[in-house]
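Commentary on secondary and tertiary structure
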Amino acid sequence: IRDALECDDVSRAGLAALVAFHGLWPAELRDLKLTDVHDQRVHLPDRSVPLAPAVRERLARYLAHRRERWPNSANPHFFIQYLNAPTTAAVTRIWVNRRLGFSAQTIRQDRMVDEAIAPGGDVRQISDFFGVTVATATHYAEVADRHPQLSDGSSS
């Protein structure tokens, strides 16, 4: 993940930042529109997420690249590439995972586990932050409770 976050490939770094810092769903990465990112937040259909400074910086670099590479693209999606830049279609799941070099869904799940094992991990907060049901957030909290080695630093 660190390699992706620090990568010179600005689309990879932007995707990695959104999923690693904020746990966006893979579909949210694909469907994200240019107009969804403003006021230092990403505005999703079910929630609004304040963007961490490191994420804002990576997204700004990506947008500068996008404007330079495809200045006349009318594609409303945030992430584009050469095949969909002249269209209005979203990038594909395959493109997202290939660009990242790993599964976006796996990183999202790891991020939820990290939040569940954090001191004071709150089910309602996990639900709101990740856009999941309380039942799903409870599942992650229960997994963390059943596996205390996840939070004691003894696992790798």
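Scroll up to find the structure.
Throughout what follows, the structure given in this document is the object of discussion. (Residues numbered from 1 in each chain as written. Predicted model: local features only at pLDDT ≥ 70, side-chain atom pairs only at ≥ 80, totals over all residues. Heavy atoms only, no water.)

1. Structural notes on the packing of helix H2 (residues 10–22) against helix H6 (residues 104–117)
Relative orientation of the contacting elements H2 and H6 amounts to 30 degrees, with a least axis distance of 7 Å. Considered as vectors, H2 and H6 are oriented roughly parallel to each other. Taking contact as the criterion, the partners of Val-19, Ala-20 and Phe-21 in H2 are, on H6, Ala-104, Ile-107, Arg-108 and Arg-111. Counted by class, the contact of H2 with H6 contains five nonpolar, no polar and two charged residues. (Axes fitted to C-alpha atoms, helices over the stretch in contact; angles between N-to-C directions. Helix = DSSP H or I, 4+ residues; strand = E, 2+ residues; numbered from the N terminus. Parallel < 35°, antiparallel > 145°, perpendicular 65-115°, else oblique. Contact = heavy atoms within 4.5 Å. Nonpolar A, V, L, I, M, F, W, Y, C, P; charged D, E, K, R; others polar.)

2. Some points on the sheet that holds strand S1 (residues 37–38)
One open sheet holds the three strands; their spatial order is S1-S2-S3, and the pairing between them is antiparallel. One side of each edge strand has no neighbouring strand; the edge strands of this open sheet are S1 and strand S3 (48–50). Where S1 and strand S2 (residues 41–43) come together, two bridges link them in antiparallel fashion. Paired with Val-37 across the two strands is Val-42, which belongs to S2. (Pairing = 2+ DSSP bridges.)

3. A closer look at the packing of aromatic side chains
For the structure shown, the criterion picks out three aromatic pairs. Summarising the aromatic geometry, the rings of Tyr-62 and Phe-79 are spaced 4.9 Å apart at their centres and angled 45 degrees between planes, so their arrangement reads as tilted. One end of the pair, Tyr-62, is in helix H4 (residues 53–69); the other, Phe-79, is in the loop between H4 and helix H5 (93–100), and 17 residues separate them in sequence. In this pair, the class of Tyr-62 matches that of Phe-79, namely buried. Look at Phe-78 and Phe-79: their rings are 5.1 Å apart centre to centre, the planes differ by 70 degrees, and that puts the pair in the edge-to-face class. The buried category is assigned to Phe-78, whose relative accessible area is 1%. By way of ring pairs, the aromatic residues Tyr-62, Phe-78 and Phe-79 are connected into one cluster. (Phe/Tyr/Trp six-rings, centres within 6.5 Å; stacked < 30°, edge-to-face > 60°. Buried < 20%, exposed > 50% of the residue type's maximum accessible area, 1.4 Å probe, protein only.)

4. Considering the side chain of Glu-28
By the secondary structure assignment, Glu-28 is in helix H3 (residues 26–31). You can call Glu-28 buried: its relative accessible area is 13%. Setting aside residues up to four positions removed in sequence, Glu-28 forms contacts with Leu-44, Asp-46 and Arg-47.

5. Overview of H2
The terminal C-alpha atoms of H2 lie 17 Å apart, and with 13 residues this matches the ideal 18 Å at 1.5 Å per residue to within 8%. The complete set of buried residues in H2 reads Val-10, Ser-11, Arg-12, Ala-13, Gly-14, Leu-15, Ala-16, Ala-17, Leu-18, Val-19, Ala-20 and His-22. One or two positions beyond H2, positive phi appears at Gly-23, with a value near 60 degrees. (Expected span 1.5 Å × (residues − 1).)

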